[in-house]
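What follows is the residue order along each chain.
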Amino acid sequence: MASTPATIQRVCAPLQRAISASSRSVATSRCYATIPSSTSSSPASSSSPSTSTSTPSRRPTYFKDTSLGSLDDFLPTSSPSVPLSPSDAYALRTAEVGPASNRRTITRLPSWLKTPIPAGNDNYKQIKRDLRGLGLHTVCEEARCPNISECWGGSNKNAATATIMLMGDTCTRGCRFCSVKTNRRPPPLDPHEPENTAEALARWGLGYVVLTSVDRDDLADGGARHFAETIRRIKAKKPSLLVEALTGDFMGDLDMVKIVAESGLDVYAHNVETVEALTPYVRDRRATFRQSLKVLEHVKAVKGQEGIITKTSLMLGLGEQEHEVMEALRELRKVGVDVVTFGQYMRPTKRHLQVEKYVTPAEFEMWRQRAVDMGFLYVASGPLVRSSYKAGEAFIENVLRKRAGGNAHAALSGKLEDAAVVEELMKSGST
């Protein structure tokens, strides 16, 4: 009986070794999701064919119908050689999205409103780096402008434009078309912002800059003195730089308007945004169409008709009627506005106003011609035109036209004087 445990151990030892060997072979032949079982070439798997053959092979997937449809089947015309008619080209396309249980129809963006992804050249990248380094904000980024790459890049540094947003990135008003952040009590002003802005603009080598700001109704002066100080610093560092100030209405305080108008800027801009009938629904209730007209009129009263250029902008596609747009243009001419721009309203998010209509390029051209016939010195009109889009080119062309007619601006910068001389030389050479 004493030898019984030893005998049992000798009998069980070979069985335990066999079980452990088989378990190791199964573990080494395990197939993973990323490795097809049919391509396994390990020695362990080859030594155990019964394990690999027991795995069922997946049936291959193939298409039974290999015929391809012609591109003509997807075009509304019968022949690819026949071009699309204007009505077909401008027709809005819709698509159904969502699961089968909750399908909804959406309107696709028209082709004339699609822009390439902003890539930018070296000038674009330098501007973006300096903005982050100096803690500055731009309306180009905050308002998600589709033209940021083209404006910041420009054909050269002097042709590039940028729109700096002063006094932070938080507004005290809540317009229903704007994507800028809102708060009743935004952070205090940065006392170093005027100097930082002037330093950045002098470093970039731009030819034209637009300064805008959020509305700061929490400040006693609405930020007018901060705005004016920034302009003075810029002109001190680079007198040849053309400066446009796109301001708010300062809650109708015309004394604050005067402070900005006398700061040395070249163009004073204030946007009425839309027609008078839609203003209460589009803009913040503290902003009115008549109040904006008074701001533009007072700028001319302070600086004189030839002392400064005034500018405004209108968005189309919000549901405005033709006679309402015409009436708005007549009111703007009465207060002496020089430049007007038309652009398509683009809905920033689902929380903002819906687009009532995508205005076609032909309609934008119609409004441009009508505004020119009414006496505006310069009109920029197009689906992607924004208040400060191509602002430098618009201003230069406007001033050159006035110079050719004998009504040149009295305070032309050196850059504009050179451009005027070049134009005159080209005219004399052609004759």
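Our subject is the structure that appears above.
To keep things clear, this report deals only with the structure shown in the data block. What you see is a predicted model, and the numbers here were worked out from it, not measured in a lab.

Next up on the list: the nonpolar core. By size, the foremost hydrophobic cluster in this structure holds 31 residues, and its most contacted members are Leu-201, Leu-211, Phe-227, Ile-231, Val-260 and Tyr-268. Formed by 28 residues, the second largest nonpolar core is a distinct cluster that contains Phe-177, Leu-316, Leu-332 and Val-359.

In this fold, Glu-273 is placed in the loop between strand S9 (267–269) and helix H11 (279–282). Salt bridges are absent for the buried Glu-273, whose nearest opposite-charge side chain, Arg-283, sits at 5.5 Å. Those residues in contact with Glu-273, other than ones at most four positions away along the chain, are Phe-177, Arg-283, Ser-313, Leu-314 and Met-315.

Within a regular strand, side chains alternate between the sheet's two faces. Counting buried residues along strand S10 (residues 309–316), 8 of its 8 residues qualify, which places the element largely inside the surrounding structure. Burial of the side chains of S10 extends over both faces: Ile-309, Lys-311, Ser-313 and Met-315 are buried on one face and Thr-310, Thr-312, Leu-314 and Leu-316 on the other. Summarising the sheet, S9 and S10 pair through 3 bridges and their orientation is parallel. For Ala-269, the partnering residue across the bridge sits in S10 and is Lys-311. The pairing of S10 with strand S11 (residues 339–344) spans 6 bridges and is classified as parallel. Across the sheet, residue Ser-313 finds its bridge partner in S11, namely Thr-341. Once the chain exits S10 it traverses helix H13 (residues 322–334) before rejoining the sheet at S11, and the crossover so formed is right-handed.

How each quantity is defined
Residues numbered from 1 in each chain as written. Predicted model: local features only at pLDDT ≥ 70, side-chain atom pairs only at ≥ 80, totals over all residues. Heavy atoms only, no water. Core = buried A, V, L, I, M, F, W, Y, C linked by side-chain atoms within 4.5 Å. Buried < 20%, exposed > 50% of the residue type's maximum accessible area, 1.4 Å probe, protein only. Helix = DSSP H or I, 4+ residues; strand = E, 2+ residues; numbered from the N terminus. Lys, Arg positive; Asp, Glu negative; His and termini not counted. Salt bridge = Lys/Arg side-chain N within 4 Å of Asp/Glu carboxyl O. Contact = heavy atoms within 4.5 Å. Pairing = 2+ DSSP bridges. Right-handed = clockwise from strand over helix to strand, strands pointing away.

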